[in-house]
Structure formats: structure tokens, C-alpha cells
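# Geometric and topological summary
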Amino acid sequence: MSVYVYESHLGGLYTSDDYIPYDELYCEQCGDSDYEIGQFDTFEEFLKYFADSIYVNPGDGGYSLDLVISDVGYAFDDNLTKEEAANIVRMAKKEMEDE
């Protein structure tokens, strides 16, 4: 089952089983919009794609791994431990650096 992941214009991440059209992501109060990060089949796939925006090591920027696990990880069937998730993010960041 695919999961759509979004970044809220107010901060944080959320998921949906269904695609949310852009006009429903727009906030009429402030004029900003949420952002669709993408559609993913597994949590591992999401972690690899979003790795550069996840904090796992000192000096990293982005969302904390704990927040990503609690806000996004629950929506997927692959139940990764925190250490497994951290290793996936570290490996994806290393691959990005090596390119």
C-alpha cells in the first residue's frame, strides 16, 4: 500500500492514504501551502529519499528521527527499529556525499 507524505506549512510531517490535491493543501488564512514530498511504498524508501532532511548525527539539520518515526513511520507496514531507521538515513546520506 502506498502512502503519501506531506510537509505542513506550519511545521511537521503527515501522511495520507489518498492523494491530496494542491488546492486542498493551500491555507486561505496565511496564503501558504503544505508540500507533497511524495508517494512511497515503504518507510525505508521514504527514509532514503528524505534522508538529507533528517537529523541523526550531531551537526545534521532537519527533522529529528524520533519525529519522523512518530509522524510518518507508523503509516507503513515495514516496522523498523530506531537504529535500523538511523542506519538507513546514514547510508543514504553517505551515498549522496559520494555522488
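Let me begin by describing the structure that accompanies this report. Small disclaimer: the values here were computed from a predicted structure and weren't measured.

Next up on the list: the sheet that holds strand 3 (residues 35-40). Overall, antiparallel pairing links the three strands, which are arranged 2-1-3 in an open sheet. Two strands close off the open sheet at either side, each with one partner strand: strand 2 (13-16) and strand 3. In this sheet, adjacent strand axes meet at a mean angle of 25° when their direction is disregarded. Taken together, the five bridges between strand 1 (residues 3-7) and strand 3 define a ladder with antiparallel strand orientation. Considered in strand 3, the bridge of tyrosine 4 is made with glutamine 39. Its contacts with the sheet place helix 2 (residues 43-50) against strand 1, strand 2 and strand 3, and it is angled at close to 135° to strand 3.

Across soluble globular proteins, nonpolar side chains have a tendency to be buried as a group. Formed by 23 residues in total, the largest nonpolar core has its most connected members in Val5, Leu13, Phe46, Leu47, Ile54, Val68 and Phe76. Mapped by element, the contributors of at least two residues to this core are strand 1, strand 3, helix 2, helix 3 (65-71) and helix 4 (82-98). Broken down by element, this core gets its largest block of residues, five residues, from helix 4. Leucine 47 has contacts with Ile54, Leu65, Val68, Leu80, Ala85, Ile88 and Val89, leaving out every residue within four places of it along the chain.

With that out of the way, let us pick up the packing of helix 2 against helix 4. Each pair of packed helices can be summarised by the angle the axes make with each other and by the distance between the axes. Between helix 2 and helix 4, whose axes approach to 8 Å, the crossing angle comes to 40°. With respect to their mutual orientation, helix 2 and helix 4 come out oblique. As for the relative orientation of helix 2 and helix 4, their crossing is right-handed in sense. Only Ala85, Ile88, Val89, Ala92 and Met96 of helix 4 make contact with helix 2, whose side of the interface consists of Glu44, Leu47 and Lys48. Of the residues belonging to the contact of helix 2 with helix 4, the class tally is six nonpolar, no polar and two charged.

Reading the values: rules and limits
- The residue count restarts for each chain, going from 1 along the sequence in the order it is written.
- Local features in a predicted model are, by the rule used here, given only for residues with pLDDT of at least 70; side-chain atom pairs are given and counted only at 80 or more, and totals for whole chains, interfaces and linings are based on all residues.
- Side-chain measures here rest on the full set of heavy atoms in the structure, leaving out hydrogens and waters.
- Two strands pair under a simple rule: DSSP has to find at least two bridges between them.
- The numbering of helices and of strands both runs from the N terminus, where a helix is a DSSP run of H or I of at least 4 residues and a strand a run of E of at least 2.
- Note on geometry: axes are lines fitted to C-alpha atoms, helical ones only across the stretch in contact, with angles between N-to-C directions running from 0 to 180 degrees.
- In this analysis, two residues are considered to be in contact whenever any of their non-hydrogen atoms come within 4.5 Å of each other.
- What is meant by a nonpolar core is a set of buried Ala, Val, Leu, Ile, Met, Phe, Trp, Tyr and Cys residues, joined one to another through side-chain atoms within 4.5 Å.
- Each residue is placed in one exposure class: buried if its accessible area under a 1.4 Å probe, protein chains only, is under 20% of its type's maximum, exposed if it is over 50%, and partly exposed if it falls in between.
- Orientation labels follow simple angle bins: below 35 degrees gives roughly parallel, above 145 gives roughly antiparallel, 65 to 115 gives roughly perpendicular, and whatever is left gives oblique.
- Working rule for handedness: look at the near helix, and if it is turned counterclockwise from the far one by less than a right angle, call the crossing left-handed; if clockwise, right-handed.
- We call Asp, Glu, Lys and Arg charged. Ala, Val, Leu, Ile, Met, Phe, Trp, Tyr, Cys and Pro are nonpolar, and the rest, Gly among them, are polar.

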